[in-house]
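Spelled out, the chains give:
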Amino acid sequence: MPDQPLLCMVLLSLLFVQPSAEKDPETDLPHLVKKALDEFLARKYLQAIIDGFVFASKKESWNPLEALRYLMVRNRTLNVERITVEKRRPKCFVNAHHPRSSVRSILRNYQMDLISEPKQLLSELMTLDNQQFLTAMRLLLCGRKEQTALIDIDFDLIKEALMQSPSGNRSLFITVRERCLPALNTADCVELMGAVMRLSSGEFVQKDLLGEFPRDMPEDTFRNITAIFKDLYDKLSVSTQRAVYDWITAGLQKSSKLTEVSSSWVTAENLWFLGRYVVHLPVKEIHKISLGEIRMFINYDNATKQLDSMYDIKHGTARAFLKRINGSGFDMSNTSIVYRLGLLVCFYDNVQQLRPADARNLLHQLIKCNQLRGSQSDVQKLKSQLLEIVMKNQTLNESLGSVSDAVVGLAPGQLEALSPQAVQASIGVLQQVSGWTRSQILILAHKFIGEHKLLSFTNISQLGPLISGIDANLFYSISAEDLGRALEGTLSQYASELNPAQQLAVVSQVLTSANTTSAMRQIPSVLFTEVSLSALLQVQDVEPSALEEKQLRRSQAVFLYDALSKSVPPVDLLSTGQLVKGISCEQIQTMDSKTFLYNFSLFERNFHLLSAFQMNCLAWKYWRELNVTNAFIPPLLLPLLPTEYVDNVPTSLCQSFLVSLGRTDLDLIIIQEAKREAVVKKVLQCLNGRIQDEYDVDALGRLLCSLPPSTLRRGISQQAVPAALAQLKTCCCLSPEQKAAVKSILEELHGSPSGWTAELIPDLGPLITILHKDELIAIASKFPDDILPLALKLSSGSVPEEFLSALFEVVRGSSVPDVTAPEEKTGCHAVTAPSVDDIRKLSDANLYWSEAELGCISSDTFSRTVEVLGSVRRYNKSQLYSLKEKAKQAWGPVSEWRNYHVLSLGAIALALTESEIKSLNLSSIDSMTVLSQQEGWTQNQMAVLLHEFLHDSGLSFSSLKGSDLAGLGVILCGVDPKQVHFINPAAYSIAAARIGTLACPWDVLHEFKKISESVFGRVETWSGSILQEVGTAAAGMTKEELSAVLKELMPYFQPLAIAIIPPENFREFSTEQLLALGPENAAAVTAEQREHLSQQQLLSLQGALNGLRDNDASLLDTVSTGFVLHCSTVTWLWLYWLLGSMLVE
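Residues numbered from 1 in each chain as written. Predicted model: local features only at pLDDT ≥ 70, side-chain atom pairs only at ≥ 80, totals over all residues. Heavy atoms only, no water.

Peer 1: Teacher, can you tell me more about the overall build of the protein here?
Peer 2: Regarding its fold elements, the protein presents 71 helices and 2 strands. Pairs at least 24 apart in sequence give 71% of the contacts found in the protein among residues at least 6 apart. Accessible surface computed for the protein: about 47,300 Å², of which carbon and sulfur atoms make up 50%. (Helix = DSSP H or I, 4+ residues; strand = E, 2+ residues; numbered from the N terminus. Contact = heavy atoms within 4.5 Å. Areas by Shrake-Rupley, 256 points an atom, 1.4 Å probe, with all protein chains shown as cover.)

Peer 1: I keep staring at the packing of helix 10 (residues 168-180) against helix 11 (residues 187-199) and nothing clicks. Help me out?
Peer 2: Geometry of a packed helix pair, given as the angle between the helix axes and the separation of the axes. Between helix 10 and helix 11, the least distance of the axes is 9 Å, while the angle of their chain directions is 155 degrees. On the basis of the axis angle, helix 10 is roughly antiparallel to helix 11. Considering only the axes of helix 10 and helix 11, their crossing is left-handed. Here Asn-169, Leu-172, Phe-173, Val-176, Arg-177 and Cys-180 of helix 10 lie close against helix 11, whose contacting residues are Cys-189, Leu-192, Met-193, Val-196, Met-197 and Leu-199. Among the residues forming the contact of helix 10 with helix 11, the class breakdown is 10 nonpolar, 1 polar and 1 charged. (Axes fitted to C-alpha atoms, helices over the stretch in contact; angles between N-to-C directions. Parallel < 35°, antiparallel > 145°, perpendicular 65-115°, else oblique. Left-handed = near helix turned anticlockwise from the far one by under 90°. Nonpolar A, V, L, I, M, F, W, Y, C, P; charged D, E, K, R; others polar.)

Peer 1: Mind showing me how you'd approach the layout of surface pockets here?
Peer 2: Empty space within the second largest pocket amounts to approximately 900 Å³. Taken together, 33 residues line the second largest pocket, and the ones lying closest to its centre are Gln-380, Val-408, Gly-435, Thr-437 and Arg-840. Mapped onto the lining of the second largest pocket, the elements with two or more residues apiece are helix 22 (377-390), helix 26 (438-449), helix 52 (836-842) and helix 54 (859-870). If you tally residues by element for the lining of the second largest pocket, the top one is helix 54, at 6 residues. Split by residue class, the lining of the second largest pocket holds 11 nonpolar, 16 polar and 6 charged. (1 Å grid on protein atoms, 1.4 Å probe; cavity = no way out; pocket = protein on both sides within 12 Å on 5 of 7 lines; lining within 4 Å. Points joined across faces, edges and corners; volume = space filled by probe spheres on them.)

Peer 1: Help me understand unusual backbone geometry, please; the structure alone is not making it clear to me.
Peer 2: Only a minority of non-glycine residues have a phi that is not negative, and only a minority of peptide bonds are not trans. We note that Asn-688 has phi near 55 degrees; this positive angle belongs to a residue other than glycine. Secondary-structure assignment places Asn-688 in the loop between helix 43 (673-686) and helix 44 (694-700). A positive phi angle, close to 50 degrees, is found at Ser-843, a residue other than glycine. Relative to the elements of secondary structure, Ser-843 occurs in the loop between helix 52 and helix 53 (851-855).

Peer 1: How should the side chain of Thr-226 be read in this particular structure?
Peer 2: Relative to the elements of secondary structure, Thr-226 occurs in helix 13 (residues 219-231). Looking at Thr-226, the relative accessible area reads 0%, which means it is buried. Separated by 2.7 Å, the side chain of Thr-226 and the backbone oxygen of Phe-222 make a polar contact. (Buried < 20%, exposed > 50% of the residue type's maximum accessible area, 1.4 Å probe, protein only. Polar contact = N/O pair within 3.5 Å; in protein donor to acceptor, adjacent residues only side chain to side chain.)

Peer 1: For this particular structure, what's the right way to read the packing of aromatic side chains?
Peer 2: For any two aromatic rings, the description comes down to two numbers: the centre-to-centre distance and the angle of the planes. Taken as a whole and judged by the stated rule, the model has 24 aromatic pairs. Considering the side-chain rings of Phe-600 and Tyr-622, the 4.7 Å spacing of their centres and the 85 degrees angle between planes classify their relative orientation as edge-to-face. Separated by 22 residues along the polypeptide, Phe-600 in helix 38 (residues 600-605) and Tyr-622 in helix 39 (residues 612-625) bring together distant segments of the chain. Like Tyr-622, Phe-600 is buried. Taken together, Phe-213, Phe-222, Phe-229, Trp-247 and Phe-273 form an aromatic cluster joined through their ring pairs. When the ring centre of Phe-133 is taken as origin, the NZ or CZ atom of Arg-179, which lies over that ring, is 4.4 Å away. Lying over the aromatic face of Phe-457, Arg-485 brings its terminal NZ or CZ to 3.9 Å of the ring centre. (Phe/Tyr/Trp six-rings, centres within 6.5 Å; stacked < 30°, edge-to-face > 60°. Lys NZ or Arg CZ within 6 Å of the ring centre and 35° of its normal.)

Peer 1: So what exactly am I meant to see when it comes to helix 50 (residues 784-793) here?
Peer 2: Among the residues making up helix 50, those that are buried are Asp-786, Ile-787, Leu-788, Pro-789, Leu-790 and Ala-791. Elements in contact with the buried residues of helix 50: helix 48 (760-764), helix 49 (773-782), helix 51 (801-813) and helix 52.

These results come straight from atomic positions and should not be treated as a statement about function.
Given below as structure tokens:
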């Protein structure tokens, strides 16, 4: 890509012109041209660029010859060659102000410096005069390509580069803030402030900004800035939203006139003007609003749209508005009035007065309540109350299609009582409802299909998201052609909701089509990973274009890349979807230098798809190229080489090192803890042990999550703290020591948690969970509307126990006794049983109910919440037993349980005894699929489950389909090893990848290995793709077979397979094999396996873990001789755009 330096056309046009000292060129040059040239000679390059642009835009005539003469008269060191000739050298070595640098080099490198050093850009922009500044900002924000006789520069390019640089947006925002806030009464500055605030998506708009706004602001300016804040509402922190609200209301109050009739500044017009900021009105202020103003506001045509957008309104605020609206004379049961209430309708509290018809109308309005960002428990309660009113004069069968999404609140027993005709007649409504549980979906899907037990393109389309309730085996009843059509519509949309048995059944049936290649194109991306390797082996003409949008397993990618590489150039393969996952180390190493370096950006864009081993191969390849080309290694690859390479990164290259690693999850590329420590040590060296400002935070990015507690506690300046906390919110796995350090930062910035505000809680997000239990209880008791939604947002398994325990204490402390049914168990008179509301609010925190409390749950409450309770992990045996007994009490004996009962049990099923398992009806593979997803089955339980499934379904091992094997999952590990050989090899080949994820006993894996050989041939003939496909079955190899595996294939073992090889077998690997394992597999080796290795084997294993490779080990000596970093990584693409092709000289 050519670069665009200032005066490019001028300089090229004067290649052979010689200066003349006889004539003073100054008199013949336009003022702006002379000014630009003077600025260039004074090294004020940005001023020169802007003035040159301004002059060029005027399209005035001028003589380029005079410009050349002027330059050479003013600077005798300049000549034509120095002005027009440039040697291309990488930025890492060029000094933009070197006395012998060419004009083109100076300008090109200056522009690059502005982009790569945001602080310099800020400093340079601040030196411009007002007109230059406004021009520069318009060019940087809007982008423009200017090509004239005077300049050839692409501001689009610079703008795009700034957007990609870590602190580019921040620099623009700070610059405009400092220059424009004092002059905010001008239209130009209002326009610029709006542009930079929108550009950063409100990220840098903090409440301190509002304090700097001029107090006396013209009305037009006030309204224009308010409009900007309204656009940014969802992007702003809650604290900033509150500050904006205060700023807007201060402006409104200035122009408001209080009267004897009203003591409030809040008029109908002001309510409308506030927009979504109206949710920050204090309750006491709402109570003071004139009833006439409320009535006028509700009658506004646009009021409904405004109220419909208040997704974050709190319960108290909404109820205050409703009370005021009700008091203003509106009939709250009137359909048209209810419609005008927007999301306020979600807090309706006068249901006792409603007639069935009014209740039905209100239910339809409540559909929008799913958009509320707070807890839905009150909304669900309201829907249930309205549904009861609607059903006073109608049966559920009659009202099913007219009660909106309130049907989600029906218990499975109520749905089971529905007639198939009612479900079929209402399917258009039911399939649009969200929030169904698995058991509800199963019941409705079975009711809809009825007794016909046949699928068609039509009924798949009608079912929509309810398709996941269909029996997996039913997908074999539809033709491959009709199924292919369904995959192009409804089925593709909901494919990710299908269970493993259903997914494999769909793929298997589609591939029975006569045209397999065409069928593969129809398989959606999310299902393509279910296509077996054995199926791919039979396809003769896969086109790369057919794989463009497909998700690929690594075994698929390895096979397809190897097969296609024989006829398709590497550049086409690397740029096709996820095929890059399949490139082998040998294929990387054998790439010629030009192809590798020129196309390295294709690897960079897909780093997230590559394994640590592939990244290690890339790093070694790049390092080897240093000896033969003028290449520079990307900083991201350095941690993949032995630790010494990180230790020797020069200080001068710290910035690129930090930025590159800061945009990457270190867990994905660094397996070894010692290497992680080395990276962190180098990072701290680069920072001189301290984070000075927000620019350092921007450069660090995710690296902040890896910094030691001491640095977090004492090494972050006050200026950098807000930006650091924003980044720390994204850290998923802080250590206890790091959390303690972050807590000290929070307290230093915000004071004691006891004084924190309602706005601060949602702003802190997951950081709130690092507080102590007593602090959390105090905050949750004070701000339940903010804490409860946070608990539901946080991913399961990542929430600290103290947070869950505190949440439990608060909910239980405010619990209303469950009165849905009389006490059903003796000993419950002194126990407060959990209610439906409690259980739904607590989610994972239901873990803390005692055995007695769980045992006292009413049968109705249990039936409505069993799937929530069953989703909780880490129950103890007593809790599981109590819940199982409650299931018996609610549903009857185990022998009477239906499929939907089994489906809803979740972890509770682990409490079933072997005799109880034998009483279950386990004829459905879908029930087995759900059971197989539970962790913690004993070997005996799995054996009984497998036996009963075969017995109840009437199947034998030989008649199991691939989808059956996939659905059985971990339960397959309960098979008697002597029975494994009865499994049909064709069925096994379809599910081999799924079975390859199971950590079964070795004797079972040994038998699976034998079946694998019947499908793919003898072990000694296996390729990397086959090793990946069979997964843990490869751990079933004998000692002799393991010792014979080629070292080139060692990286293709799956890490789980490595971990479960018996130690006495694992020690048969040679030192060469162990060195070739790769970082991921080396990290999977267990302590017990290590104990059986010799000292030499341990050294090889350590070498693999550290990224050392046998054929590259000799290069280790070169690490201390010095090296340079490649100036482009995936996060530094802007250097490509500016410098053009730098990869090859």
